[in-house]
Amino acid sequence: MRKEGILENGRIENGVFYPPAEILEKANAKADIYELAKKDRLGFWDTQAKELVSWFKSYDKVLDDSNAPFYKWFVNGKLNMSYNCIDRHVKSDRRNKAAIIYESEIGKQVCLTYGMLYKLVNKFANALSGLGVKKGDRVVLYMPMIPEAAIAMLACTRIGAPHSLVFGGFSPDSLRDRINDCQAKVLITSDGNFRRGKPFPLKNNADKAMEDTPSIEKCVVVKNAGNEIDFVEGRDVWYHDLMAKAGNYYEPEPMDAEDMLFILYTSGTTGKPKGVVHTTGGYLVQIQSTLKYVFDIKEDDVYWCTADIGWITGHSYVVYAPLALGSTTFMYDGTIDYPDKDRIWEMAERYGVTKFYTAPTAIRTFMKWGVEYPKRHDLSAIKILGSVGEAINPEAWMWYYENIGGGQAPIMDTWWQTETGAFMCTPLPITPLKPGTATYPFPGIELDIIDEQKNPADEGYLVVKSPWPAMLRTVYGDDQRYIDTYWKHFGDCYFAGDGAKRDELGYIWVTGRVDDVLNVSGHRLGTAEVESALDECEEVAESAVVGKKHAVKGEAIHAFVILKDGFTGNAELIDKLRRHVGVKIGPIARPDDIVFISELPKTRSGKIMRRLLRDLAEGRAIGDVTTLADPGAINEIAATYLGKED
Ligand code: WT7
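Owing to the predicted nature of the structure, the values given are computational and were not obtained by experimental measurement. (Residues numbered from 1 in each chain as written. Predicted model: local features only at pLDDT ≥ 70, side-chain atom pairs only at ≥ 80, totals over all residues. Heavy atoms only, no water.)

Section: the overall build of the chain
- Of regular secondary structure, the chain possesses 20 helices and 32 strands.
- Computed over its C-alpha atoms, the radius of gyration of the chain comes to 24 Å, within 12% of the 26 Å expected for a compact globule of 646 residues.
- C-alpha atoms of the chain, sized along the principal axes, occupy 75 × 65 × 55 Å.
- Within the span of the chain, comprising 646 residues, buried residues form 61% of the whole.
- Averaging the positions of the 77 positive and the 91 negative side-chain charges in the chain gives two centres separated by 4 Å. (Helix = DSSP H or I, 4+ residues; strand = E, 2+ residues; numbered from the N terminus. Rg over C-alpha atoms; globule rule 2.2 N^0.38 Å. Buried < 20%, exposed > 50% of the residue type's maximum accessible area, 1.4 Å probe, protein only. Lys, Arg positive; Asp, Glu negative; His and termini not counted. Charge placed at Lys NZ, Arg CZ, Asp CG, Glu CD.)

A short note on the side chain of Thr361
- Within the fold, Thr361 resides in helix α13 (residues 360-369).
- Given the relative accessible area of 10%, Thr361 is considered buried.
- In this structure, Thr361 is in contact with Glu390, Ser521, Gly522, Val552 and Lys553, ignoring residues within four places of it in sequence. (Contact = heavy atoms within 4.5 Å.)

Examining the site of the ligand
- For the ligand, the set of nearby residues contains 17 residues, the closest of which are Asp413, Thr414, Thr418, Asp498 and Arg524.
- With respect to the ligand, the backbone of Glu390 contributes an N or O atom lying 3.5 Å from a nitrogen atom.
- At a separation of 2.7 Å, a nitrogen atom of the ligand approaches a polar side-chain atom of Asp413.
- Summarising the interface, the protein chains cover 94% of the accessible area of the ligand, which totals 550 Å² for the free molecule. (Near = heavy atom within 4 Å. Polar contact = N/O pair within 3.5 Å; in protein donor to acceptor, adjacent residues only side chain to side chain. Areas by Shrake-Rupley, 256 points an atom, 1.4 Å probe, with all protein chains shown as cover.)

Re the nonpolar core
- Grouped together as the largest cluster of nonpolar side chains are 120 residues, with contacts concentrated most on Phe74, Leu117, Phe124, Ile188, Tyr317 and Tyr320.
- For this core, the leading source of residues is helix α6 (residues 147-159), giving nine residues.
- Leave out the neighbours within four places in its chain, and Phe124 touches Ile151, Ala152, Ala155, Ile188, Val220, Tyr239, Leu242 and Met243.
- Phe170, Ala184, Leu534 and Val545 belong to the second largest nonpolar core, which has 42 residues in total. (Core = buried A, V, L, I, M, F, W, Y, C linked by side-chain atoms within 4.5 Å.)

Details of the domain arrangement of the chain
- Its domain assignment divides the chain into domain 1 (11-81 + 275-502) and domain 2 (521-645).
- For domain 1 versus domain 2, the separation of C-alpha centres amounts to 33 Å.
- The interface of domain 1 with domain 2 comprises ten residues on the first partner and nine residues on the second.
- In total, domain 1 and domain 2 occlude about 700 Å² of area from one another, counting both sides; carbon and sulfur atoms represent 49% of this.
- Considering only the surface of domain 1 that becomes buried against domain 2, Trp311, Thr361 and Arg364 emerge as the three largest contributors, covering 56% of it.
- On the surface where domain 1 and domain 2 come into contact, there are one salt bridge.
- One salt bridge connects Glu419 with Arg524, and the closest N-O pair in it is separated by 2.7 Å.
- Between domain 1 and domain 2 we count four residue pairs in polar contact (both at pLDDT 80 or more) in total.
- In the side of domain 1 that touches domain 2, the residues fall into one nonpolar, five polar and four charged. (Domains from an automatic or database assignment. Buried area = accessible area lost by both parts, 1.4 Å probe. Salt bridge = Lys/Arg side-chain N within 4 Å of Asp/Glu carboxyl O. Nonpolar A, V, L, I, M, F, W, Y, C, P; charged D, E, K, R; others polar.)

Considering the sheet that holds strand β18 (residues 303-305)
- Here we have seven strands laid out as an open sheet, ordered β7-β6-β19-β18-β20-β21-β22, and mixed in their pairing. The open sheet is flanked by β7 (109-113) and β22 (411-413), the only strands paired with a single partner. The mean angle between the axes of side-by-side strands here comes to 20 degrees, regardless of whether they run parallel or antiparallel.
- Pairing between strand β20 (residues 355-358) and strand β21 (residues 384-387): four bridges, direction parallel. What sits directly across from Phe356, in β21, is Leu385. (Pairing = 2+ DSSP bridges. Axes fitted to C-alpha atoms, helices over the stretch in contact; angles between N-to-C directions.)

Things to note about helix α3 (residues 41-52)
- Between its first and last C-alpha atoms α3 spans 17 Å; for twelve residues at 1.5 Å apiece the expected length is 16 Å, and the two agree.
- For α3, the set of buried residues is Arg41, Gly43, Phe44, Trp45, Gln48, Ala49 and Leu52.
- The inward-facing, buried residues of α3 abut α2 (33-39), β4 (72-75), α4 (81-90) and α10 (281-294). (Expected span 1.5 Å × (residues − 1).)

Concerning the packing of α6 against helix α11 (residues 312-324)
- Where α6 contacts α11, the two axes come as close as 11 Å, and the packing angle between them is 65 degrees. Every pair of crossing elements has a handedness; the one defined by α6 and α11 is right-handed. Every residue of α11 that contacts α6 at Ala150, Met153, Leu154 and Thr157 is listed here: His315, Val319, Tyr320 and Leu323.
- Considering only residue class, the contact of α6 with α11 consists of six nonpolar, two polar and no charged. (Left-handed = near helix turned anticlockwise from the far one by under 90°.)

Let's talk about the confidence of the model for the chain
- Chain-level statistics for the chain give a pLDDT mean of 93 and a share of 94% at 70 or above.
- Counting interchain partners and residues more than four positions distant, the pLDDT-below-50 stretch residues 1-8 has 27 contacts. (pLDDT = per-residue confidence, 0-100.)

Some remarks on empty space enclosed by the protein
- The tally for this structure, following the rule as stated, stands at three cavities of 30 Å³ or more.
- One number sums up the size of the largest cavity: a volume of about 50 Å³.
- As for the largest cavity, its lining consists of Leu165, Val166, Phe167, Phe170, Arg178, Leu264, Tyr265, Gly310 and Trp311.
- For the lining of the largest cavity, the class distribution of residues is seven nonpolar, one polar and one charged. (1 Å grid on protein atoms, 1.4 Å probe; cavity = no way out; pocket = protein on both sides within 12 Å on 5 of 7 lines; lining within 4 Å. Points joined across faces, edges and corners; volume = space filled by probe spheres on them.)

A closer look at the layout of surface pockets
- Space inside the second largest pocket adds up to approximately 510 Å³.
- What lines the second largest pocket is a set of 21 residues, among which Tyr34, Lys38, Tyr440, Pro441 and Pro443 lie closest to the centre.
- If you list the elements that add at least two residues to the lining of the second largest pocket, you get α2 and β23 (447-450).
- Top contributing element to the lining of the second largest pocket by residue count: α2, with three residues.
- For the lining of the second largest pocket, a count of residues per class yields 13 nonpolar, two polar and six charged.

Describing the pattern of salt bridges
- Across all of its chains, the model carries 45 salt bridges by this definition.
- Between Lys26 and Glu22 there is a salt bridge, and its shortest N-O distance comes to 3.5 Å. Here Lys26 and its partner Glu22 are both found in helix α1 (residues 21-26), four residues apart, which amounts to about one turn of the helix.
- Taking relative accessible area as the criterion, Lys26 reaches 51% and is therefore assigned exposed.
- When the shortest N-O distance is used, the salt bridge between Glu504 and Lys434 registers 3.4 Å.

Here it is in structure tokens:
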């Protein structure tokens, strides 16, 4: 048990938390790191690239910005991701160090050393190659948080076949659309995985998706939960059968720094998810540099990032960065309260976790459950905590700091996105902290806050002023959408879609999305996606979806629905619509509330005024309606609607 109280050797002054002396002394980041990067930004990234990456062939130039916004980093450099994550460690003293430690919900444990991982990845690269996968072919993964997922990702990178992971919570329709968008040749999945002791049938979902995915030639199935599955002769193959026959070595493909590493679909402001494209060199440099300095990675760490591999956090900070740095990454596949609400802390204690990275929504859930659960365990090995997914509210920050970090572990509030690939705005362990702010841009990253007229402002839009190594390179198959979405709003700047403000210390506070993107429990969803799912139902004439503040999820989905004539909005229909959205997109997209109204407030140009709907959903008085086509309409809606709410 850790003793009560805050900071044994740091201090708190005016709400600022200064780092403990021990952390300051030993941190990878030295006090001059910001200064050095500011003086010579590209020089900073050049040094990072030389220190952190094993290149097959060195690059000619750090950045080529001649064809903006199609930037190139580490021009003509050659490297391979799996080589950097495994081979180079196997050739060192880390050969027998734990690379991946895994535990399943029902308590199965796996520990793969770098040497073991090397064999498995080589074998699976041979297996995939045997199925016809070549450099440039796309492979989709629809998998639980099992070591085979990491093995499959690394094997794809060894061949140079870009992978695209689809979160296991997504529906067959979502999986199908993503497979078809990138024309994947192979799908890798598993029979199922356990959720609260019951198998979840992943392969059934994959089968439904594959009814309409002509590009898929083979489906590799990992036996995990042991549940019954259908097997399509000629298409489906067992992972263990392939591995039994596969050769032990596969020569890592020398990839150009700018060759595609993976595609990851994310929600935007339209109904169609975007395939965010990441390339190899710059991505590998920035994910390692950020993890090394922000989580202060040391040789004896047991590092645990709770994100699912289906999201960017799982790519960059569960698999690639920790392995590239030769660290030990912990993976858990299961619910966080099975068999009891202390499962996470019980594992953190048992494995001696030193660095712990999770999302505010999880922290708020832990808070709700009560402090007795972490108190049952000795968490004193934890040195650094992290937070990602949304701004962390100061109350959750303090709870996390006191009860998980024992008042000695600085919290790294990391702001970044699927598109940025790696941390952009984040403290370092040496940074004085304030609860609720992601503090400063990472060294070598230039962020700014600007107003509508592109002038620097203390409150406004968060932009990135210059290219960064791990940036997305395009939207898969749609360069124009890449330009229009990210580079049109503010000239040369990348527009992140977030609002932000700066305080008197110069700290950046991210205030949330300013576009039509929702953040539900740290999961990103487009309002348009949910609306188009609702609009498919025969009863629905039109719908509008907004985010409503929620104590645990951050934002909950609140839908306004106009019915076609002849239909009545009742509890049964609400249930049907909610279920339909769940089937169409996935359970995370199911609206919490559905409210039937007669009209939607629209601007004169026909755009739905979501701000007003948000006011209504959150029970606030209605704001400015001067741009509304028919200002009378909103009062009518407010009258009928507010009467219905609690
Ligand atoms: C959006 C990106 C980056 C991995 C997880 C989500 C919000 C993320 C923070 C933070 C405030 C945050 C932003 C951003 N966000 N981290 N520390 N403080 N907001 O990745 O699905 O691409 O979502 O999440 O709104 O734009 P994503």
